[in-house]
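Given next are the chains, with one letter for each unit.
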Amino acid sequence: MRPLIATIRLEHLRHNYRLTRSIHGDKMLAVLKANAYGHGAVRCARALEDIADGFAVACLEEALELRAAGIASPILLLEGVFEAEELKAVDEHGLWMAVTSEQQLRMVEQSAPARPFNVWLMLDSGMHREGFVPASYHAAWHRLEACGKVEKISKMTHFARADEPEVAMTFSQLEAFDAAVRGLPAGDESVANSAGILCHARAQRNWGRVGIALYGVTPLPAGFEQGAELRPVMRFSSRIFGVRELAAGEPIGYGDNFVTDRPTRVGLVACGYADGYPRRASSGSPVLIDGQRSRLIGRVSMDMLTVDITDLPAAGIGSEVELWGDAVSVNEVAAHAGTIGYEPLCNVKRARFAYC
Ligand SMILES: *Cc1c(COP(=O)(O)O)cnc(C)c1O
């Protein structure tokens, strides 16, 4: 069997949920969108069901997958619905939904739910991606209140730069949020994503929305202490299945990406970009081979990649390779590929998933 394994430590997931919930206080939605950031949404939901206040996903399809698996917890649709037709399923399955735009607001006004909806009204406090601008927020709130289709309205916004702790934008977004909700009846509020939870104490309201930190990966730049107690949930590992000895001056793999600068022992690892390892990862990207750090050399192929084992004489066919997980953080690999840890995690596929 191909030795590529995504080992998912569900106890770490529970630890991270409890940790971030205790930092934030009050209630916490566990964000399971994108198949739980590549970790398997149903398995993660089951592992968190007894401790989580609720779950959040991007869209109806993701929520229905959880309901079909018997998950009865509250589930919030972070993007709301795309078509009025979806409101029937939202109603039937008792889902919570964001309302982020005039179109969605109209769909709710024109709906006929059996039970009134639980709506999270999104404010655009400066990210300018979705949500009602401050000048239209009160009117949107009052229309929801007046339409008779809604039993509860929570107030929500989303941060653009909370993962850059020194940037003032998060504070201006918080001020915009507080100003926009002033004068509206009290109710639940939710502003913080993982970065907000970890490093913006002022951003803590009734509901946190923890995504990446739930999976044990910090959204903060290297060097920040916050999040040090998070435990990586996924360990993505494979094995060396081939070894080559190359002289100095020899190319490896596709293109002219890498030429050996010394006599080099090359290990061939069963993992490629079709499995989610970023193709753009540059030579030098860290790997752990039989417990020792080494580096990727040459272009990542679709089904395999090549690593330097010159300085690891005991390494050879069958050696275990941690692509990311405990000793190599997915953020390090992502940094070598010009991206963030979220992306390779979401892209993991074709591996064997081992839950423990
Ligand atoms: C994805 C998402 C989150 C979680 O973000 P993380 O940075 O992964 O914690 C929170 N809120 C909204 C609206 C989101 O789309």
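Treat the numbers as computed from the prediction; the structure is a model and nothing was measured.

S.K.: Please provide a residue-by-residue account of the site of the ligand, values included.
M.R.: Around the ligand, the surrounding shell consists of Val31, Lys33, Tyr37, Leu78, His158, Asn193, Ser194, Arg209, Gly211, Ile212 and Tyr342. Note that an oxygen atom of the ligand is positioned 3.0 Å from one of the backbone N or O atoms of Gly211. Ile212 places a main-chain nitrogen or oxygen 2.8 Å from an oxygen atom of the ligand. Contact with the protein chains covers 92% of the free accessible surface of the ligand, which is 380 Å². Looking at the shell around the ligand residue by residue, the class counts come to 5 nonpolar, 4 polar and 2 charged.

S.K.: Tell me about the pairing of strand E3 (residues 54-57), and please be specific about residues and values.
M.R.: Covered by surrounding structure in E3 are Gly54 and Ala56 together with Phe55 and Val57, the residues of both alternating faces. Across 3 bridges, strand E2 (residues 27-31) lies against E3 in parallel orientation. Bridged to Leu29 within E3 is Gly54. Of the pairings in the sheet, the one linking E3 to strand E4 (residues 75-77) comprises 3 bridges and is parallel in character.

S.K.: For the UniProt feature "binding site: substrate" (unreviewed entry) in the protein, give the residues involved together with the corresponding values.
M.R.: Listed under "binding site: substrate" (unreviewed entry) in the UniProt record, and renumbered for this structure, are Arg129 and Met302. On the basis of their most widely separated C-alpha atoms, the annotated residues across 174 residues do not gather in one place, lying as much as 33.5 Å apart. When only the residues just named are considered, the largest cavity is lined by Arg129. Considering the arrangement of structural elements, one finds Arg129 in the loop between strand E6 (117-123) and helix H7 (134-146). Mapping Met302 onto the fold places it in the loop between strand E13 (292-295) and strand E14 (305-308).

S.K.: I'd like a description of helix H8 (residues 169-181), backed by residues and values.
M.R.: Helix length check: H8, at 13 residues, gives a terminal C-alpha distance of 18 Å against a target of 18 Å (1.5 Å per residue), a fit within 8%. Those residues of H8 that fall on the buried side of the exposure criterion are Thr170, Gln173, Leu174, Phe177, Ala180 and Val181. Buried residues of H8, seen end-on, are gathered within an arc of 130 degrees and therefore sit on one face of the element. Once H8 finishes, Gly183 follows within two positions and takes phi at roughly 95 degrees, a positive value.

S.K.: Break down the UniProt feature "domain: Alanine racemase C-terminal" (unreviewed entry) in the protein for me, citing the residues and quoting the values.
M.R.: Under the UniProt annotation, "domain: Alanine racemase C-terminal" (unreviewed entry) lies at residues 233-356. With 10% helix and 32% strand, residues 233-356 has its two end C-alpha atoms placed 10 Å apart.

S.K.: Account for unusual backbone geometry, naming residues and giving values.
M.R.: Only a minority of non-glycine residues have a phi that is not negative, and only a minority of peptide bonds are not trans. A positive phi angle, close to 55 degrees, is found at Asp26, a residue other than glycine. By the element assignment, Asp26 lies in the loop between helix H1 (10-24) and E2. By relative accessible area, Asp26 is classed as partly exposed at 43%.

S.K.: Mind laying out the environment of Ala314, listing which residues take part and the relevant values?
M.R.: Checked against the element boundaries, Ala314 lands in the loop between E14 and strand E15 (320-324). Ala314 gets classed as exposed once you look at its relative accessible area, which sits at 78%. Distance in space between the C-alpha atoms of Ala314 and Glu109 is 68 Å, their sequence separation being 205 residues.

S.K.: Go over the nonpolar core, please, and point to the residues and values.
M.R.: In summary, soluble globular proteins display a tendency toward joint burial of nonpolar side chains. Leu32, Phe236 and Tyr277 are the most contacted members of the largest nonpolar core, which totals 111 residues. A domain split of this core shows at least three residues from each of domain 1 (10-215) and domain 2 (234-355). The contacts of Leu32, once residues within four sequence positions are left out, are Ala41, Cys44, Ala45, Phe55, Ala56, Val57, Leu66, Leu214 and Tyr215.

What counts and what doesn't
- Residues numbered from 1 in each chain as written.
- Predicted model: local features only at pLDDT ≥ 70, side-chain atom pairs only at ≥ 80, totals over all residues.
- Heavy atoms only, no water.
- Near = heavy atom within 4 Å.
- Polar contact = N/O pair within 3.5 Å; in protein donor to acceptor, adjacent residues only side chain to side chain.
- Areas by Shrake-Rupley, 256 points an atom, 1.4 Å probe, with all protein chains shown as cover.
- Nonpolar A, V, L, I, M, F, W, Y, C, P; charged D, E, K, R; others polar.
- Buried < 20%, exposed > 50% of the residue type's maximum accessible area, 1.4 Å probe, protein only.
- Helix = DSSP H or I, 4+ residues; strand = E, 2+ residues; numbered from the N terminus.
- Pairing = 2+ DSSP bridges.
- UniProt positions renumbered as here; feature names shortened; annotations may be inferred.
- 1 Å grid on protein atoms, 1.4 Å probe; cavity = no way out; pocket = protein on both sides within 12 Å on 5 of 7 lines; lining within 4 Å.
- Expected span 1.5 Å × (residues − 1).
- Arc of directions from axis to C-beta.
- Core = buried A, V, L, I, M, F, W, Y, C linked by side-chain atoms within 4.5 Å.
- Domains from an automatic or database assignment.
- Contact = heavy atoms within 4.5 Å.

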